[in-house]
Amino acid sequence: MERDHDSHKRLSNPVPWNSMIVAHAQCGDLDGARKFFARMAQRDCVSWATLINSFAQHGCTNLARDTYERMPQHDVIAWTGMLRANSQCGEIDQRDSVPWNVMITAYAQRGHVNEAKYFFDSVEVPNVITWNCMIGAYGQNGHLDDAWALFKRCLQPNIVTWNVLIVSFAQNLHCAESIHLFDVLNLEGFKPDELSFMGLLIACCHLGLVIAARDTLASMVFDYDISPERDHYCCLIGVLAGAGLLDDAEDLINTMPFLPDVSNWGCFVSACKIHSVGVDRSVGAACNAIAMDPKNSAPYNNFY
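Scope of this entry: the structure provided in the associated data block. Since the structure is predicted, the reported quantities are computational estimates derived from the model, not experimental observations.

The rules behind each value
- Residues numbered from 1 in each chain as written.
- Predicted model: local features only at pLDDT ≥ 70, side-chain atom pairs only at ≥ 80, totals over all residues.
- Heavy atoms only, no water.
- Core = buried A, V, L, I, M, F, W, Y, C linked by side-chain atoms within 4.5 Å.
- Buried < 20%, exposed > 50% of the residue type's maximum accessible area, 1.4 Å probe, protein only.
- Contact = heavy atoms within 4.5 Å.
- Salt bridge = Lys/Arg side-chain N within 4 Å of Asp/Glu carboxyl O.
- Helix = DSSP H or I, 4+ residues; strand = E, 2+ residues; numbered from the N terminus.
- Arc of directions from axis to C-beta.
- 1 Å grid on protein atoms, 1.4 Å probe; cavity = no way out; pocket = protein on both sides within 12 Å on 5 of 7 lines; lining within 4 Å.
- Points joined across faces, edges and corners; volume = space filled by probe spheres on them.
- Nonpolar A, V, L, I, M, F, W, Y, C, P; charged D, E, K, R; others polar.
- Axes fitted to C-alpha atoms, helices over the stretch in contact; angles between N-to-C directions.
- Parallel < 35°, antiparallel > 145°, perpendicular 65-115°, else oblique.
- Left-handed = near helix turned anticlockwise from the far one by under 90°.

Our next topic: the nonpolar core. In globular proteins that are soluble, nonpolar side chains generally tend to be buried together. Judged by nonpolar contacts, the single largest core of 59 residues is most densely connected at Ile104, Met134, Ile135, Leu150, Leu165 and Leu252. Contact partners of Ile104, with chain neighbours within four places excluded, come to Ala116, Phe119, Phe120, Thr130, Cys133, Met134 and Ala137. Within the second largest apolar cluster, 15 residues are counted, among which are Leu30, Trp48, Ile52 and Tyr68.

Here it is in structure tokens:
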């Protein structure tokens, strides 16, 4: 009975079957790959995507499409195969950047920068959106030198291009560079928007620049007629709390034009712990946070 159980377990494990599909496909034996796929007791996303990509790599567009349409749940790897298959038979216009932009973004979100760059290079005439997607792919994965180099190659950057770079540098703790880019943005004649200021505030938050952060929020309102959003206030709360200006941080939490959420109070609780503030004040803030999200134990854990 135990031997039968082990045998069934081996047969239902898709990993060795997927390997056999790959082996047959690499030898050009697509019929063998398809037969192994058909015999599988249990298929996962890799099984489907492997067969689709095998057909695509050998120019069997109809087989790739048929397999893709039968796939219970599509993923980025399967879509890659279909893009490759359709591209090879001329069904995707290389000048149409939309599908390539989607793939660049999808791979970037998974940390696969080289694959994202492959799709960027596949676009015959990339438009500014494609450039922004690839610069963002580099930036969000910490490849700031590559992001900067690609930015310099972009012939017609727009405000989004600048924002992607400003936020990328700020989030990767290259805050002085982020602030400098914001200044250059203005000198180049672009009008900063909500995301531009978000990047600047993130940089101020990491550097603990209280006055600069306050001035930034005021500049949004009085110089650019931009209404700060919740995230802008959250950044300023973080700057104030991190600098030990807990009275100012608490006042801002209570007076900003948004209902405070658990992250605001959680930030405040953390600052109370760091600056050794009285327990009563910390408990009050933690109770506010827990009341908003009873399942979130983070505010409670900050006491330990």
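On to the pattern of salt bridges. Per the stated rule, a full pass over the model turns up four salt bridges. We note a salt bridge from Asp121 to Lys117, for which the minimum N-O separation is 2.9 Å. Separated by four residues within a single helix, Asp121 and Lys117 lie in helix H8 (residues 113-122), roughly one turn from each other. Judged by its relative accessible area of 47%, Asp121 is partly exposed. The shortest N-O distance in the salt bridge between Arg214 and Asp248 comes to 2.7 Å.

The next thing to look at is the environment of Ala176. Within the secondary structure layout, Ala176 lies in helix H12 (residues 175-187). Considering only alpha carbons, one finds Ala176 and Leu207, 31 residues apart in sequence, at a separation of 8.6 Å.

Residues of helix H10 (residues 144-153) that are buried include every one of Leu144, Ala147, Leu150 and Phe151, and no others. One face of H10 carries all of its buried residues, which in axial projection span an arc of 125 degrees. Opposite the buried face of H10, by more than 90 degrees, sit the exposed residues Asp145 and Lys152.

As a further point, take the layout of surface pockets. Its volume calculated, the largest pocket comes out at about 210 Å³. In this structure, the largest pocket is lined by 13 residues; those nearest its centre are Gly136, Ala137, Gln140, Val164 and Ser168. Residue contributions to the lining of the largest pocket peak at six residues, all from helix H9 (residues 128-140). Residue classes in the lining of the largest pocket are distributed as six nonpolar, seven polar and no charged.

So, on to the packing of H8 against H9. Running from N to C, H8 and H9 cross one another at 165 degrees; their axes reach a closest spacing of 10 Å. Taken as axis vectors, H8 and H9 run roughly antiparallel relative to one another. The handedness of the crossing between H8 and H9 is left-handed. Residues Val113, Ala116, Lys117 and Phe120 of H8 form the contact with H9, whose own contacting residues are Thr130, Trp131, Met134, Ala137 and Tyr138. Split into classes, the residues belonging to the contact of H8 with H9 amount to seven nonpolar, one polar and one charged.

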